[in-house]
Amino acid sequence: MALDQYKDEEEEGMSFLDHLEELRWHLLRSLAAILILTIVAFLSKGIVFGQVILGPSKVDFITYRVLCQVADYFGITALCIDTLPFTIQSRQMTGQFSMHLTSSMVVGLVISFPYIFWEFWKFISPGLYSKEKQAARGAVFFVSLLFFAGAAFGYFILAPLSINFLANYQLDPTILNEFDITSYVNTLVMLVLASAIMFQLPVVIYFLSMSGLVTSAMLKTYRRHSIVVILIVAAIITPPDVISQLLIAMPILVLYEVGIMIAKRLEKKRAEKERLENLKYNDNA
């Protein structure tokens, strides 16, 4: 009996080690994907850095051109952004190289996100029940879709408008805006990644609603509290200007309302399923 107990403990220990080994391979494959795409981005310096990273700092950026077209159409000249009164400098000897490397890593991380999440999903999905797997079907697609939608919003809307606001903000005309390359890249990365993460709100609400931790009524009751929390979070993750905070807070508020609709739909499905089960039980009785 003692020998059997020892064998069971040993099997449990091997099972735990097997899980660690599996997790290690998932992490290694994810890191390999990030590394490969980082190298590709590093070698594509002209496109990645010259066009993508520095894009919002140039007046010919697509967002600025669209705003000028809208301004011409409606006759609102204030909408057109045709000047960006700032220069980008590198004040450290290793500044440009380190920013080139950092930018390449960020681009590699963003592009490889669907694969990273897929590896993560492959690791945790075997431990889910069949109902949980069915409920979470398409999770990789929807999480990746919201991630890239948030990143696109941060890059094409939030970042250029924030950069324009900060570039034109002056305490005195004698003070010139000469931004360090580190400050510019960090601000751009922060805005894009913050938007990508915040856009996951509907997915979070979906899984919380599936587990019964939140309901549509609860979300409606705490709507005002949520607005305050969203504004605080937006103030933390964005540069210290009201424009950026409002720009990221508004779509999150919309996504919060979408989350309420998702929770309400899940509740209707759950209620319908319980009704059918009760009818079936009554018929059998």
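Report on the accompanying structure.

Criteria and thresholds
Residues numbered from 1 in each chain as written. Predicted model: local features only at pLDDT ≥ 70, side-chain atom pairs only at ≥ 80, totals over all residues. Heavy atoms only, no water. Salt bridge = Lys/Arg side-chain N within 4 Å of Asp/Glu carboxyl O. Helix = DSSP H or I, 4+ residues; strand = E, 2+ residues; numbered from the N terminus. Buried < 20%, exposed > 50% of the residue type's maximum accessible area, 1.4 Å probe, protein only. Phe/Tyr/Trp six-rings, centres within 6.5 Å; stacked < 30°, edge-to-face > 60°. Disulfide = S-S within 2.5 Å. Core = buried A, V, L, I, M, F, W, Y, C linked by side-chain atoms within 4.5 Å. Contact = heavy atoms within 4.5 Å.

## Description of the pattern of salt bridges
Link 1 in the chain: Counting across every chain of the model gives 4 salt bridges.
Link 2 in the chain: Put simply, Arg91 and Asp180 hold a salt bridge, and the shortest N to O gap is 3.9 Å. Taken together, the positions of Arg91 in the loop between strand 1 (87-89) and helix 4 (95-111) and Asp180 in strand 2 (residues 178-180) put the pair 89 residues apart, joining distant regions of the chain.
Link 3 in the chain: On the accessibility criterion, Arg91 (48% relative accessible area) is partly exposed.
Link 4 in the chain: Judged by its relative accessible area of 18%, Asp180 is buried.
Link 5 in the chain: For Glu257, the salt bridge goes to Arg223, with nearest N and O atoms at 2.8 Å. Within this pair, whereas Glu257 is found in helix 12 (residues 242-284), its partner Arg223 is found in helix 11 (residues 223-237), the two being separated by 34 residues in sequence.

## A look at the packing of aromatic side chains
Link 1 in the chain: Counting across every chain of the model gives 16 aromatic pairs.
Link 2 in the chain: Considering the side-chain rings of Phe61 and Phe156, the 6.0 Å spacing of their centres and the 10 degrees angle between planes classify their relative orientation as stacked. Of the two residues, Phe61 sits in the loop between helix 2 (45-53) and helix 3 (62-74) while Phe156 sits in helix 7 (residues 139-168), which places them 95 residues apart along the sequence.
Link 3 in the chain: With a relative accessible area of 8%, Phe61 lands in the buried category.
Link 4 in the chain: Ring centres of Tyr206 and Phe207 lie 5.4 Å apart, and the angle between their planes is 80 degrees; on these two criteria the pair is classed as edge-to-face.
Link 5 in the chain: Each residue in the set Phe113, Phe117, Phe120, Phe147 and Phe148 is aromatic and connected to the rest through ring pairs, giving one cluster.

## Section: the state of the cysteines
Link 1 in the chain: Following the criterion strictly, the structure yields 1 disulfide and no others.
Link 2 in the chain: One disulfide bridge connects Cys68 with Cys80, the sulfur atoms lying 2.1 Å from each other. Taking the sign of the S-S torsion, 80 degrees for the link of Cys68 and Cys80, the bridge is right-handed. Here Cys80 lies in the loop between helix 3 and strand 1 and Cys68 lies in helix 3, a separation of 12 residues in the sequence.
Link 3 in the chain: Cys68 gets classed as buried once you look at its relative accessible area, which sits at 15%.

## Some details on the nonpolar core
Link 1 in the chain: Phe49, Ile53, Tyr184, Val185 and Leu188 are the most contacted members of the largest nonpolar core, which has 48 residues in total.
Link 2 in the chain: Put simply, the parts of the chain that give this core at least two residues each are helix 2, helix 4, helix 5 (113-124), helix 7, helix 8 (181-198), helix 11 and helix 12.
Link 3 in the chain: Considering each element in turn, this core owes the most residues, 12 residues, to helix 7.
Link 4 in the chain: Those residues in contact with Val185 that sit more than four places away from it in its chain are Phe49, Ile53, Met99 and Ser103.
Link 5 in the chain: Membership of the second largest hydrophobic core comes to 5 residues, among which are Leu219, Tyr256, Ile260 and Ala263.

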